[in-house]
Amino acid sequence: MSDHAVLHVRGRVLAGPDDVRDELWVIDGRISYDRPTTAQDVRTVDGWALPGLVDAHCHVGLGAHGPVDRDTAEQQALTDRGTGTLLIRDAGSPSDTRWTDDREDLPKIIRAGRHIARTRRYIRGYAHEIEPPDLVAHVAQEARRGDGWVKLVGDWIDRDLGDLAPSWPREAAEAAIAEAHRLGARVTAHCFAENSLRDLVEAGIDCIEHATGLTEDLIPLFAERGVAIVPTLVNIATFPKLADGGEARFPRWSAHMRRLHERRYDTVRGAYDAGIPVFVGTDAGGTLPHGLVAAEVEELVTAGIPPLQALSATTWGARRWLGRPGLDEGAPADLVVYETDPRADVRVLAAPRRIVLNGRVVG
């Protein structure tokens, strides 16, 4: 497809959950719903079109032992692109991936800077590991480095306790979140357990990653404050294996991880039913492979979220939450076309017919 070609997408264009159109045009890399008056070199794609998918918890540039080289990071991004993921919220990475911004063939990335964790309370090589007196300064640093987000590690195993425990005193979290907000950034936190959540939400946090510890007594607080969750169910599926590996040294932690895993679907469905915003994230990078967005949408449906809302959690709703356009007039043409209606069966997301990024067919 040449720089001056026009792409005609026809069939069913799902511009919104209740906004279905017959066709759109891609002209100079942007979306138009008006037929061009002069169209040369027109290419037509038929099918069901969605906005480019969103992975709201992904780590480009991160490997099992920390940062990876540029070639590996590029392959991670291309793997995500191949599944239709065209917008990523990178929820913490020690790598500088700004170079991807100059690549029109790679997914767009919204960065949260580098993880901020307590000393020796997270995966080695991933995070700034600090103590509470330094939290505000590091949050300010990462707020300036990121794209409107900061990522805290809200809890992790405390080896002395032998179980998950909060990372930050309430007062330190309050001051850090206030500083991020002053700088125009939102704050999210990795949280597996129950006992870190109330303090973080009451301190003003904007989002919780994983949220496996969300309980019935906490759900109204999340709903009242409008705190979103990104459940990463494809990651939570690894909990039993993790628990088995830690059984000998940390039996209390292992039992806790199994309980969190067993109730994962009830947790997500309870959050959705209460009106808590739920978004798709895979936790790709580190130990999980990239390209799992379709599997995560399917997991949300398995948890009991209606298919249309599970689709919204990776398309219209997710893009609105992140402040990025969907299939809007004049927006960059980032879209995915499928053989059949993804609203009828979300499993079709695993097999895109065409992927269009910045107006170019890339897959």
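Below is a summary of the structure that appears in this document. (Residues numbered from 1 in each chain as written. Predicted model: local features only at pLDDT ≥ 70, side-chain atom pairs only at ≥ 80, totals over all residues. Heavy atoms only, no water.)

The helix and strand inventory of the protein chain stands at 12 helices and 20 strands. Relative to a compact globule of 363 residues, whose C-alpha radius of gyration would be 21 Å, the protein chain shows 21 Å and is just as compact. Projected onto the principal axes, the alpha-carbon positions of the protein chain cover approximately 70 × 40 × 35 Å. Counting over 363 residues, the protein chain shows a buried share of 56%. Surface exposure of the protein chain reaches about 14,800 Å², of which carbon and sulfur atoms provide 47%. One way to put it: in the protein chain the 43 positive side-chain charges average out to a point 2 Å from where the 55 negative ones average out. (Helix = DSSP H or I, 4+ residues; strand = E, 2+ residues; numbered from the N terminus. Rg over C-alpha atoms; globule rule 2.2 N^0.38 Å. Buried < 20%, exposed > 50% of the residue type's maximum accessible area, 1.4 Å probe, protein only. Areas by Shrake-Rupley, 256 points an atom, 1.4 Å probe, with all protein chains shown as cover. Lys, Arg positive; Asp, Glu negative; His and termini not counted. Charge placed at Lys NZ, Arg CZ, Asp CG, Glu CD.)

Turning our eyes to something else, we now look at the sheet that holds strand β1 (residues 6–16). One open sheet accounts for seven strands, arranged β3-β2-β1-β4-β18-β19-β20; its pairing is mixed. With partners counted over all chains shown, the strands left at the sheet margins are β3 (30–32) and β20 (360–361), one partner each. Across two bridges, strand β19 (residues 354–357) lies against β20 in antiparallel orientation. Bridged to Leu357 within β20 is Arg360. (Pairing = 2+ DSSP bridges.)

Among soluble globular proteins, nonpolar side chains are generally buried collectively. Leu135, Leu152, Ile205, Ile208, Phe222 and Leu300 are the most contacted members of the largest nonpolar core, which totals 58 residues. Core analysis: the next-biggest nonpolar cluster, separate from the first, contains 18 residues, Ile157, Ala193, Phe239 and Trp253 among them. (Core = buried A, V, L, I, M, F, W, Y, C linked by side-chain atoms within 4.5 Å.)

The next thing to look at is the pattern of salt bridges. One pass over the full model with this rule turns up 28 salt bridges. Here Arg98 ties to Asp101 by a salt bridge, and the two come within 3.8 Å at their closest N and O atoms. Assessed through its relative accessible area of 31%, Arg98 is described here as partly exposed. In this structure, Asp101 and Arg111 form a salt bridge, with 3.0 Å as the shortest nitrogen-oxygen distance. Of this pair, Asp101 sits in the loop between β8 (85–90) and β9 (108–111) while Arg111 sits in strand β9, and the two are 10 residues apart along the sequence. Overall, Asp101 belongs to the partly exposed group, its relative accessible area being 45%. (Salt bridge = Lys/Arg side-chain N within 4 Å of Asp/Glu carboxyl O.)

A separate point is the packing of aromatic side chains. Each aromatic ring pair is specified by the distance between its two centres and by the angle formed by the two planes. Counted according to the given criterion, the structure contains six aromatic pairs. Three or more aromatic residues joined by ring pairs form one cluster here, namely Tyr122, Tyr126, Trp156, Phe192 and Phe239. Arg21 extends its terminal NZ or CZ atom over the ring of Tyr33, reaching a point 4.0 Å from the ring centre. The residue whose ring lies beneath Arg264 is Tyr265, and the NZ or CZ to ring-centre distance is 4.2 Å. (Phe/Tyr/Trp six-rings, centres within 6.5 Å; stacked < 30°, edge-to-face > 60°. Lys NZ or Arg CZ within 6 Å of the ring centre and 35° of its normal.)

Okay, the environment of His261 next. Tracing the sequence through the fold places His261 in helix α8 (residues 251–262). Accessibility expressed as a relative area gives 15% for His261, which makes it buried. Linking His261 and Ala237, residues 24 residues apart in sequence, is a C-alpha distance of 7.0 Å. Those residues in contact with His261, other than ones at most four positions away along the chain, are Ile236, Ala237, Phe239 and Pro240. (Contact = heavy atoms within 4.5 Å.)

Despite not being glycine, Ala211 has its phi angle at roughly 55 degrees, a positive value. Mapped onto the fold, Ala211 is located in the loop between β16 (207–210) and α5 (219–225).

Running from amino to carboxyl end, helix α2 (residues 135–145) crosses helix α3 (residues 170–182) at an angle of 25 degrees, the nearest separation of the two axes being 9 Å. Put simply, α2 runs roughly parallel to α3. For the crossing formed where α2 meets α3, the hand is right-handed. In this structure, α2 uses Leu135, Val136, Val139, Ala140 and Arg144 to contact α3, whose residues at the interface are Ala172, Ala173, Ala175, Ala176, Glu179, Ala180 and Arg182. Residues belonging to the contact of α2 with α3 are distributed by class as follows: nine nonpolar, no polar and three charged. (Axes fitted to C-alpha atoms, helices over the stretch in contact; angles between N-to-C directions. Parallel < 35°, antiparallel > 145°, perpendicular 65-115°, else oblique. Left-handed = near helix turned anticlockwise from the far one by under 90°. Nonpolar A, V, L, I, M, F, W, Y, C, P; charged D, E, K, R; others polar.)

On to the state of the cysteines. A covalent bond between the sulfur atoms of two cysteines is referred to as a disulfide. By the definition in use, this model includes zero disulfides. Of all cysteine sulfurs, the one in Cys191 lies closest to Cys207, which takes part in no disulfide; the gap is 9.8 Å. Here Cys207 falls in the buried class, since its relative accessible area comes to 0%. (Disulfide = S-S within 2.5 Å.)

This next bit is on the side chain of Asp90. Counting through the fold element by element, Asp90 comes out in strand β8. Of the side chains with opposite charge, Arg111 comes closest to the buried, unpaired Asp90, at an N-O distance of 6.0 Å. A polar contact of 3.0 Å, which involves the side chain of Asp90, links it to the backbone nitrogen of Val60. (Polar contact = N/O pair within 3.5 Å; in protein donor to acceptor, adjacent residues only side chain to side chain.)

The next point concerns α8. For α8, built from 12 residues, the straight-helix expectation of 16 Å at 1.5 Å per residue is met to within 8% by its first-to-last C-alpha distance of 17 Å. Where α8 is concerned, the buried positions are Trp253, Ser254, His256, Met257, Leu260 and His261. Seen along its axis, α8 keeps its buried residues to an arc of 160 degrees; they face one direction. Turned more than 90 degrees off the buried face of α8, the exposed positions are Arg252 and Glu262. Of the surrounding secondary structure, the elements contacted by the buried residues of α8 are β13 (155–158), β14 (163–166), α6 (233–236), α7 (239–246) and α9 (264–273). (Expected span 1.5 Å × (residues − 1). Arc of directions from axis to C-beta.)

A sheet is described by the order of its strands in space; here three strands give the open sequence β5-β8-β9, paired in parallel fashion. Both edges of this open sheet fall to β5 (53–58) and β9, since each of them pairs with a single strand only. Ignoring strand direction, the axes of neighbouring strands in this sheet form an average angle of 20 degrees.

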